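Spelled out, the chains give:
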Amino acid sequence: MMVDVPLDLPPLRPLIGRADELAELARLLGVTDGPTSGVVLLSGDAGVGKTRLLHELRQQARDAGWYVLVGHCLDLGDSALPYLPFGEAFGTLEVDSPALADEIATTQPPVTRLMPGRRPPSLESPVDGARADRTELFEAVYAALGRLGDDAPLLLVVEDLHWADRSTRELLSLLFARPFGSPVSIVASYRSDDLHRRHPLRAVVAEWARLPRVSRLHLAPLADADVRTLIRFLHPTPLRESDVRTVVNRAEGNAFFAEELVAAAELGSGPLPSDLSTLLLVRLDQLDEPARRLVRAASVAGRFVAHDLLSAVAGLADGELDLAVRSAVESNVLVPVGADDAYAFRHALLAEAVYNDLLPGERVRLHAGYVAALSRADKSPGSAADIARHARAAHDLATAIRMSIRAGDDAMSVAGPDEAARHYEVALELLAESGAASVDDDDVDVVGLAVKAATAAADAGRPYRAIAIVEEQLRQSGHDDPLGRARLLLALATAALLSDSNVDALAATTEALHLVPAEPVSVLRAAIVSAHARANADRQRDDDAIRWAGEALQLARELDLPDVAVDATTTLARLEERSGDPESSRLTFERIVAEAREAGDGAAELRALHHLGSLDYEQGRLRESLHTYLEGAERAQSLGRPWAPYGLDARVLAALVAYQCGDWDEAQKIVDVTGQTPPAIAEAALAAVGMAVAAGRGDVGALDLMPHIRRWWHRDGMSAIISGAAALDLHGDADDLEAARAMHDDVVAAVSHLWETCYPQARIRLSGLMLGQLCARASRSSAGERAALAREAADLVEVADRAAAGSSGRLKRRGPESLAWMARVRAEHLRLRWLTAVDAPNETELVEAWRECVAAFERYGHVFELARSQVRLATVLRAAGMSAEARPLVEASRTTARRLGAQPLIAELRSLGATGPAGRDRSPQADQELTPRETEILALVAQGRSNREISGQLYISAKTVSVHISNILAKLGASGRTEAAAVARRRGLLVD
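Being a predicted model, the structure only gives us computed values, none of them experimental. (Residues numbered from 1 in each chain as written. Predicted model: local features only at pLDDT ≥ 70, side-chain atom pairs only at ≥ 80, totals over all residues. Heavy atoms only, no water.)

Visitor: Break down the overall build of the chain for me, citing the residues and quoting the values.
Guide: Per the secondary structure count, the chain includes 47 helices and 8 strands. Within the chain, contacts between residues separated by at least 24 positions form 68% of all contacts whose residues are at least 6 apart in sequence. Element-wise, carbon and sulfur atoms account for 50% of the exposed surface of the chain, whose accessible area totals about 39900 Å². (Helix = DSSP H or I, 4+ residues; strand = E, 2+ residues; numbered from the N terminus. Contact = heavy atoms within 4.5 Å. Areas by Shrake-Rupley, 256 points an atom, 1.4 Å probe, with all protein chains shown as cover.)

Put into structure tokens, the structure is as follows:
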């Protein structure tokens, strides 16, 4: 059966100046050239003609036999329920084709959450803490649209994306990226002039534009000739040329501005006002009083309002209401939409202008009317968020508080933690404003609300906001309610354990335990005991952690608390791994993942996946850990928690491991947040890994990222270590040793302050990197400078030794990563002593240290650092006269460097002579007479370097240097070093 979905706008004026854009739009969407699937992003300034063009497109599609569904994004601030345009589209289908809507509801049940007539009434709060699986909802919407396209081609129109919530943007990302099996086309419009630098849609559009199915069409301003044509149509009687010219100039190609300016000129209002809002209100002033009252009431609802709702609020009798509606529609202030007797403002700007013109008392009264009307509705066309918004404006704080809480619950039920956190925080703010007089203490569990707000904030990737919410509530609540305080302390500890906060989680859980009696046993006590076990484990108090985790597990069994049981079991598995039984831990984590997935416990699943990936990482199973981290990141995305601590950690660590495995392009894809809206701290963490790739490739432009990333060093130690190490290398490779030193010291200071003592592994790695930069400087330093470098190196080694001994208490067993970096520290220190001739090692000791370093990085699996170690082993092998053994190392390192695009490593190889002399073009004559190594040595001879200095800089023995110089003298026919340099300059073999 063919579904005839009515257009949402009546016929308007002829389309002027947009014939080419309409033809292109219809072609891209498959409307004119045969039903196909396409996606178009339609952009343009407010009022430039997007809505008018889409009206014509819908008419054309309908004439061609297409279904047409339309959804709008509304400017409701933070109050919009997620997926609003899809709710409107499916709501229209529900009204106009109940049979087809029934079929979709039966075959794709999750879509009912987006059907106003089939989801639970908005005033019925979902089960506390329930979370919808975002993947399930997305797949259901995708399947439903495909089903509609099976009967006839489907055109989905989504307007005003600049007001879209994040959930809507992410659902559109799926629909844009995945092809349909039936002809389904999507066009989405947005105001390009609204997309300021920080607008969340700005990056999303850039990401969408890269998708192969997505085309972009931008509506430029109308040409002056077209504006004149429009003016002539709008004002058939002649206007003075000066008036026409004024309209053309002031409209600047914007059709809406032109319409309003012509209307103002037609009214003979004298000098045309410059403020658009004033012009919009001039149109309103021409309505009779009942129509003005109606339009003012409609403006309080927003752009759209149902007839019944408007009737209840406007305060007009039935006959008067009908006349007022007709007057507003005929004046193009309001237009009918859909088939359910609803109205919309002709332009959103008009609704805003009317609303802003309301008197304060009038505004409060109308908002109160909407609260009453929405609350009386059997099946409210609005939502708890709408009621909350109206109640706040009406100063009905009690209702606003209740509805804000329910709006938060609604948002959590459809996996919208960002929106939920905002609603809960609004409720907390209103409670603080209202005091006990405005809301019954029995109506609102303030402690529970604060815990909900903190949980939602953490799920949205803002654990520090969660901590701040709980701490504020702790300050306000005092100690009058011991159990309430214990609940808050539990929430505080939970958030603290998910972050690098300085909050003492162990102190919080210890106090909470004292507040909740052991008898009778309680759910709260069990949760606190489990958190206390985690806090002990975090402080390396393993024996206490095991004891408390065991008690938590026993309580969980007594009280049938599967979530507590999983939490305690996960803690015990972590402790088993520490004690030297990683395989037992692995089996436990795998079982937890399977059971949590089956039970729908996303939080437990993500935590177990995180620990499973870390287990493989610590054992040097990088590929396995990469797979697990990616699985965790993808699962977090599907659960609607991509920025929650374990979800974000999985993504950051997946990128880091991909970098270590040598999958640098993959790492860059993982950290790319284009089109996404991560919290600032999450974006900084991902950018830090991106800096590691950039440093390996020698991209000094990556240093521009440091100011943004460093803002979060005090909250994220991993970001500090990763970005700081990258910046250290970038500065050192640019021969700015002072900047490299400063970066090293800054990272150590930041992380030591954050964690009290820096992680041993990080200190060892930073020492190893810094020693490498000291070696690079030593090869071209004076004798005095070399002595200072040797002293600095000794200090770095001492720090690394203390870290390796476990002075921080955080590392009981050293894994492949720690062992590899400690081997690098040893090898680099010997190299520096050899270069500076300060307590110089013998060649055998030096070679053996670098062989151990190469072997350690092979076991660890860090591709880039293995290549760096190989080239440095090759240099000492050549110095020891073992050039044959060095060649395969050079080739292996060069292959890796070229594949990765690692320019600093390529430069290091070039200085070794593996790819020819660095930084100098040689003449054909030089290539014929001197080898590349001889040319390089000759340049150093010309600088007055001794054989010993040349051998130190080029990592070859003094004897080998002597042999090369003898060959050079023979080839140039020179009797000595000075003459050889002069001959080479005359013959163009040297470039000064």
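Visitor: Break down the pattern of salt bridges for me, citing the residues and quoting the values.
Guide: Applying the stated criterion to the full structure yields 48 salt bridges. Close ionic contact of Arg-166 with Glu-170 constitutes a salt bridge, the shortest N to O distance being 3.6 Å. Of this pair, Arg-166 and Glu-170 both sit in helix 6 (residues 166-177), 4 residues apart, which is roughly one turn of that helix. This pair shows no difference in class: Arg-166 is buried, exactly as Glu-170 is. Measuring nitrogen to oxygen at the nearest pair gives 3.6 Å for the salt bridge that ties Asp-544 to Arg-547. Of this pair, Asp-544 and Arg-547 both sit in helix 25 (residues 542-559), 3 residues apart, roughly one helical turn. By relative accessible area, Asp-544 is classed as partly exposed at 23%. (Salt bridge = Lys/Arg side-chain N within 4 Å of Asp/Glu carboxyl O. Buried < 20%, exposed > 50% of the residue type's maximum accessible area, 1.4 Å probe, protein only.)

Visitor: Tell me about empty space enclosed by the protein, and name the residues and values.
Guide: Within this structure, the stated rule accounts for 9 cavities of 30 Å³ or more. If you add up the space inside the second largest cavity, you get close to 90 Å³. Residue lining of the second largest cavity: 14 residues in total, with Tyr-659, Ala-695, Ala-726, Asp-729 and Arg-868 positioned closest to the centre. Every element with two or more residues in the lining of the second largest cavity is listed here: helix 32 (680-696), helix 34 (717-733), helix 36 (760-778) and helix 40 (863-879). Broken down by element, the residue count for the lining of the second largest cavity peaks at 5 residues, all from helix 34. (1 Å grid on protein atoms, 1.4 Å probe; cavity = no way out; pocket = protein on both sides within 12 Å on 5 of 7 lines; lining within 4 Å. Points joined across faces, edges and corners; volume = space filled by probe spheres on them.)

Visitor: Any chance you could break down the sheet that holds strand 7 (residues 334-337) for me, citing the residues and the numbers?
Guide: The strand order across the open sheet built from 3 strands is 6-8-7, with neighbouring strands paired in antiparallel fashion. Strand pairing shows two members of the sheet lacking a second neighbour, strand 6 (304-306) and strand 7, which therefore form its edges. Pairs of neighbouring strands in the sheet enclose a mean axial angle of 30°, with direction left out of account. By the bridge criterion, 4 bridges tie strand 7 to strand 8 (residues 342-345) in an arrangement that is antiparallel. In the sheet register, Leu-334 faces strand 8, and the bridge partner there is Phe-345. The strands that helix 13 (residues 307-314) touches are strand 6 and strand 8; relative to strand 6, the one it contacts most, it runs at about 85°. (Pairing = 2+ DSSP bridges. Axes fitted to C-alpha atoms, helices over the stretch in contact; angles between N-to-C directions.)

Visitor: Pulling in residues and values, what's your account of the sheet that holds strand 4 (residues 184-191)?
Guide: Strand order across the open sheet formed by 5 strands is 2-3-4-1-5, with parallel pairing between neighbours. The sheet is open, and its two edges are formed by strand 2 (67-72) and strand 5 (214-219), each paired on a single side. Adjacent strand axes in the sheet meet at a mean angle of 15° when their direction is disregarded. In this structure, strand 1 (residues 39-44) lies alongside strand 4, joined through 6 bridges in parallel fashion. What sits directly across from Leu-41, in strand 4, is Ala-188. Sheet strands in contact with helix 3 (residues 84-96) are strand 2 and strand 3 (154-159), and its direction is about 140° off that of strand 2. The strands that helix 5 (residues 134-151) touches are strand 2, strand 3 and strand 4; relative to strand 3, the one it contacts most, it runs at about 135°.

Visitor: Tell me about unusual backbone geometry, and name the residues and values.
Guide: With omega at -5°, the peptide bond leading from Glu-519 into Pro-520 counts as cis. When you line up the elements, Pro-520 lands in the loop between helix 23 (505-515) and helix 24 (523-538). Phi is positive for Asp-839, which is not a glycine, with a value near 55°. Asp-839 sits in the exposed class, given a relative accessible area of 58%.

Visitor: So, helix 44 (residues 932-942): which residues are in play, and what are the values?
Guide: Within helix 44, 9 of the 11 residues are buried, leaving the element largely enclosed by the surrounding structure. Those residues of helix 44 that sit buried are Arg-933, Glu-934, Thr-935, Glu-936, Ile-937, Leu-938, Ala-939, Leu-940 and Val-941.

Visitor: Can you tell me about helix 6, naming the residues and giving the values?
Guide: Because each turn of an α-helix spans 3.6 residues, side chains separated by three or four positions end up pointing in the same direction. In a regular helix each residue adds 1.5 Å, so 12 residues correspond to 16 Å; helix 6 covers 17 Å between its end C-alpha atoms and thus fits that length. Taking burial as the measure, the 12 residues of helix 6 include 10 buried ones, the bulk of the element. Of all the residues in helix 6, the buried ones are Arg-166, Ser-167, Thr-168, Arg-169, Glu-170, Leu-171, Leu-172, Leu-174, Leu-175 and Phe-176. Sitting at the head of helix 6, Asp-165 places a side-chain oxygen 3.0 Å from the backbone nitrogen of Ser-167. (Expected span 1.5 Å × (residues − 1). Polar contact = N/O pair within 3.5 Å; in protein donor to acceptor, adjacent residues only side chain to side chain.)

Visitor: How would you explain the nonpolar core if you had to name every residue and give the values?
Guide: In this structure, Leu-294, Val-295, Phe-345 and Leu-774 are the most contacted members of the largest nonpolar core, which totals 210 residues. A per-element tally of this core places helix 32 first, with 13 residues. Core analysis: the second largest hydrophobic core is formed by 49 residues, Ala-101, Leu-174, Val-214 and Val-414 among them. (Core = buried A, V, L, I, M, F, W, Y, C linked by side-chain atoms within 4.5 Å.)

Visitor: Just give me the short version of the side chain of Thr-168, but keep the residues and values in it.
Guide: As for its placement among the helices and strands, Thr-168 is situated in helix 6. Reaching out from Thr-168, the side chain makes a polar contact with the side chain of Asp-165 at a distance of 2.7 Å. The contact partners of Thr-168, leaving out residues within four places of it in the chain, are Tyr-83, Leu-84, Pro-85 and Phe-86.

Visitor: Quick rundown of the environment of Asp-357? Include the residues and the values.
Guide: Mapping Asp-357 onto the fold places it in the loop between helix 15 (348-356) and helix 16 (360-376). Asp-357 sits in the partly exposed class, given a relative accessible area of 43%.

Visitor: How would you summarise the packing of helix 28 (residues 602-618) against helix 29 (residues 622-638) if you had to cite specific residues and measurements?
Guide: It is the contact of helix 28 with helix 29, at a shortest axis distance of 7 Å, that shows an interaxial angle of 165°. With respect to each other, helix 28 and helix 29 are oriented roughly antiparallel. The crossing of helix 28 and helix 29 is left-handed. Contacts between helix 28 and helix 29 involve Glu-605, Leu-606, Leu-609, His-610, Leu-612, Gly-613, Ser-614, Asp-616 and Tyr-617 from the former and Leu-622, Glu-624, Ser-625, Thr-628, Tyr-629, Glu-631, Gly-632, Arg-635 and Ala-636 from the latter. Looking at side-chain class alone, the contact of helix 28 with helix 29 contains 7 nonpolar, 6 polar and 5 charged residues. (Parallel < 35°, antiparallel > 145°, perpendicular 65-115°, else oblique. Left-handed = near helix turned anticlockwise from the far one by under 90°. Nonpolar A, V, L, I, M, F, W, Y, C, P; charged D, E, K, R; others polar.)

Visitor: How would you explain the packing of aromatic side chains if you had to name every residue and give the values?
Guide: Evaluated as defined, the whole model comprises 7 aromatic pairs. Their ring planes at 25° and their centres at 4.6 Å tell us that Tyr-142 and Phe-180 sit as a pair that is stacked. With Tyr-142 in helix 5 and Phe-180 in the loop between helix 6 and strand 4, this pair connects stretches of sequence that are 38 residues apart. Of the residues examined, Phe-180 reaches a relative accessible area of 10% and is grouped as buried. Of the aromatic side chains, those joined through ring pairs into one cluster are Tyr-659, Trp-664 and Phe-864. Residue placement shows Arg-178 over the ring face of Tyr-142; its charged tip is 4.9 Å from the ring centre. The ring of Tyr-355 is capped by Arg-363, whose NZ or CZ atom sits 4.6 Å from the centre of that ring. (Phe/Tyr/Trp six-rings, centres within 6.5 Å; stacked < 30°, edge-to-face > 60°. Lys NZ or Arg CZ within 6 Å of the ring centre and 35° of its normal.)

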